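# Chains, contacts and geometry: an overview
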Amino acid sequence: MKEQFIRSMKIMLTGIILISAGTLHAQLPTYTAFLKNDLMTANDTYEFDLYLSRTGTLPLELANFQAAILVDPAFVNGGTITPAIIGGGSELNTLQQPASIGFSASESCIKIAPEIPPRTLFPETQTSSTDGTIISTEGTRVCRIRLSNSVPFGNTQINPIWNFTVQPYRTAVTAYTGPEDQRVNTFITLAESHSKTLNLTLLTEGLYNPTTGLLNKTQDVDDDYNSWDNFPGLVADTLSILLAQTSSPWNSLWAVHGVSLNQNGHCRIPVPGNLNGTYYIVAKHRNSVETWSKAGGESFASAITSFDLSNAASQAYGQNLKPVTGGKYVIFSGDVSSFTPSVQDGYIDFFDLTQIYNLNVNSAYGYQASDLTGEGFVDFIDLIMTYNNSTEGIGMNTPPNPAKRPGASNTQLTE
């Protein structure tokens, strides 16, 4: 009876410590949570990864994680959503990998349930001797999620927003903190540690198809001239996005690479939640001119920032866009080289023409920057497009002080 009483007291004490642990430790590990690698595999199927990364100097040993993600009802488009966690998509320790997911239609909320923490404070009450996952600074994938819709998704983007209230469900992160021999499951959730979304729409001149009004999917080609889509689903190509200061020296504050650019020109970019100011949006594509958003920049005070570089020339700094059939505007293509191989210099000139010409006469093929139209071959069309833009003196149009701009000759993009 006495042993049972002591055991009960220990369990009660554990609960008290879990509640108050946030006040016991002056320094807690910090993190960021974000959604990335979005992929529209079909018009009724959408996938993305959920990540955690450590942001401070203190190690982050994950104890528990649950998520509530609100999505735009217009994206659901009146359909019935069936969510699933894709197996093999988690980098968490086995016991911590999410296994339960649901979708509330009335609240348009994705709910990811937590798993039991891998260990508790006292050995007598431990459910496992397994440690929690050590979250890396590069990012640790929690899981990959698939949303299947009974109808095609709408033209509106997913617009995910993290929810932190009890209803309809709560996002919560806990970590093991304190001395190594007495680590405590501590609530470390901060709203500002969760990503925002930049919904960006842009079209590149080389990939734009005036007949469909969409971007062609880039192709890869083998030695037998067999071709296939370079990216899965509805992804046309990838690009890099930067956020830059709106005052001199216009330094880059944050960047992300390998962003999926869909055929409709849409791309969703997770932005750190602590970026609350006004910034220039800078788009860098492997064979297009670096393009900045219009003078003054865009506010990132809200959870969702939407910006369209395809609906008016005035959307780009210096109106540096080209009008095309269908009332759209595209980013100029043809910037593929400089004095340094595989590095763009921000201008379409003789060096670009020479590179494309030499590859053309040598019948170059495959996924490479000099193939502006993306069909897998460097041909006469790529050469003509580059020539026309070079004769017009097309190049970057950015704020003054180019030595401090975030892109151009000191930035190399991988293919």
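If you're wondering where the values come from, they're calculated on a predicted model, not measured in any experiment. (Residues numbered from 1 in each chain as written. Predicted model: local features only at pLDDT ≥ 70, side-chain atom pairs only at ≥ 80, totals over all residues. Heavy atoms only, no water.)

## Remarks on the side chain of Thr174
To keep it simple, the criterion reads: Helix numbers and strand numbers start at the N terminus; a helix is a DSSP run of H or I with at least 4 residues, a strand a run of E with at least 2. Whether a residue is buried, partly exposed or exposed follows from its accessible area with a 1.4 Å probe, protein chains only, as a fraction of its type maximum: under 20%, in between, or over 50%, in that order. In the analysis that follows, any N or O atom pair within 3.5 Å is treated as a polar contact, provided that within protein one partner can donate a hydrogen and the other can accept it, and provided that, for residues neighboring in sequence, both atoms belong to side chains. In what follows, residue pairs with any heavy atoms lying within 4.5 Å of each other are defined as contacts.
Within the element layout of this structure, Thr174 appears in strand 9 (residues 172-177). For Thr174, a relative accessible area of 13% gives the class buried. Within the local environment of Thr174, its side chain forms a polar contact with the side chain of Asn185, the two groups lying 2.8 Å apart. With residues near it in sequence (within four places) discarded, Thr174 still touches Leu62, Ala63, Asn64, Asn185, Thr186, Phe187 and Ile188.

## Observations concerning the confidence of the model for the chain
Just so we agree on the cut-off: pLDDT is defined as a per-residue confidence score from the predictor, taking values between 0 and 100.
Of all residues in the chain, 86% attain a pLDDT of 70 or more, and the chain-wide mean is 88. Note that residues 123-129 has pLDDT below 50 and, in this model, 13 contacts with residues that lie over four places away or in other chains. Taken as a whole, residues 403-415 scores under 50 in pLDDT and shows 41 contacts with residues more than four places along the chain or in a different chain.

## Concerning the environment of Gln167
You can see Gln167 is positioned in the loop between strand 8 (161-162) and strand 9. Using a relative accessible area of 58% as the deciding quantity, one classes Gln167 as exposed. It is 9.6 Å that separates the C-alpha atoms of Gln167 and Ala68, two residues lying 99 residues apart in sequence.

## Overview of the sheet that holds strand 18 (residues 266-271)
This is how the line gets drawn: Note on pairing: DSSP must find at least two bridges between two strands before they are called paired. All axes here are fitted lines through C-alpha atoms, helices being fitted over the stretch that makes contact, and every angle between N-to-C directions spans 0 to 180 degrees.
Across the sheet, which stays open at both edges, the three strands sit in the order 18-11-22 with mixed pairing between neighbours. Two strands in the sheet have a free side with no partner beyond their single neighbour: strand 18 and strand 22 (304-308). The average undirected angle you get between the axes of adjacent strands in this sheet is 20 degrees. Sheet analysis places strand 11 (residues 196-201) next to strand 18, joined by six bridges and oriented antiparallel. When the sheet's bridge partners are listed, Asn199 is paired in strand 18 with Arg268.

## A word on the side chain of Ser333
In this fold, Ser333 is placed in the loop between strand 24 (328-330) and helix 3 (350-361). Its relative accessible area of 0% is what places Ser333 among the buried residues. Within polar-contact distance, the side chain of Ser333 engages the backbone nitrogen of Gly206 at 2.9 Å.

## Section: the sheet that holds strand 7 (residues 140-149)
In space, the four strands of this open sheet follow the order 1-2-7-4, with antiparallel pairing throughout. With partners counted over all chains shown, the strands left at the sheet margins are strand 1 (31-42) and strand 4 (81-86), one partner each. With direction set aside, neighbouring strand axes in the sheet form an average angle of 20 degrees. Bridging between strand 2 (residues 45-54) and strand 7 involves eight bridges; their strand directions are antiparallel. Within strand 7, the residue paired with Tyr51 across the bridge is Arg141.

## Brief notes about the packing of aromatic side chains
Counted only if it meets this: Two aromatic rings from Phe, Tyr or Trp, using only the six-membered ring of Trp, form a pair when their centres are within 6.5 Å; if the ring planes differ by under 30 degrees the pair is stacked, by over 60 it is edge-to-face, and anything between is tilted.
Summed over the entire model, instances satisfying the criterion amount to twelve aromatic pairs. Consider the rings of Tyr280 and Tyr317, whose centres lie 5.9 Å apart with planes at 80 degrees: the pair is edge-to-face. Here Tyr317 lies in the loop between strand 22 and strand 23 (322-324) and Tyr280 lies in strand 19 (residues 278-284), a separation of 37 residues in the sequence. Each member of the pair Tyr280 and Tyr317 is classed as buried. Counting every residue linked through ring pairs, the aromatic cluster contains Tyr46, Phe48, Phe75 and Phe153.

## Focus: the pattern of salt bridges
Our working rule: The working definition used for a salt bridge is a side-chain nitrogen of Lys or Arg within 4 Å of a carboxyl oxygen of Asp or Glu.
Taken as a whole, this structure holds eleven salt bridges when the rule is applied. For Arg144, the salt bridge identified is with Asp49, shortest N-O distance 3.0 Å. One end of the pair, Arg144, is in strand 7; the other, Asp49, is in strand 2, and 95 residues separate them in sequence. The two residues Arg144 and Asp49 agree in class, both being buried. A single network of salt bridges, built from pairs that share partners, joins Glu47, Asp49, Arg141, Arg144 and Arg146.

## Things to note about the pairing of strand 1
The pairing of strand 1 with strand 2 spans nine bridges and is antiparallel. Pairing of Lys36 across the sheet is with Asp49, part of strand 2. Where strand 1 folds back onto strand 2 in an antiparallel hairpin, the turn is made up of two residues.

## Considering helix 4 (residues 380-391)
Worth spelling out the cut-off: In this analysis, the expected span of each helix is defined as 1.5 Å times one less than the number of residues it contains. This arc is built from the directions going out from the helix axis to the C-beta atoms.
Taking 1.5 Å per residue as the helical rise, helix 4 with its twelve residues ought to reach 16 Å, and the 16 Å between its terminal C-alpha atoms agrees with that figure. Of all the residues in helix 4, the buried ones are Asp382, Leu383, Met385, Thr386, Asn389 and Ser390. When helix 4 is viewed along its axis, its buried side chains cluster within an angular range of 165 degrees and face the same direction. In helix 4, the exposed positions that point more than 90 degrees away from the buried face belong to Phe380 and Ile381. Elements that come into contact with the buried residues of helix 4 comprise strand 23 and helix 3. For helix 4, the N-terminal cap is Asp379; the gap from its side-chain oxygen to the backbone nitrogen of Ile381 is 3.2 Å. Immediately beyond the C-terminal end of helix 4, within one or two residues, lies Gly393, with a positive phi of roughly 70 degrees.

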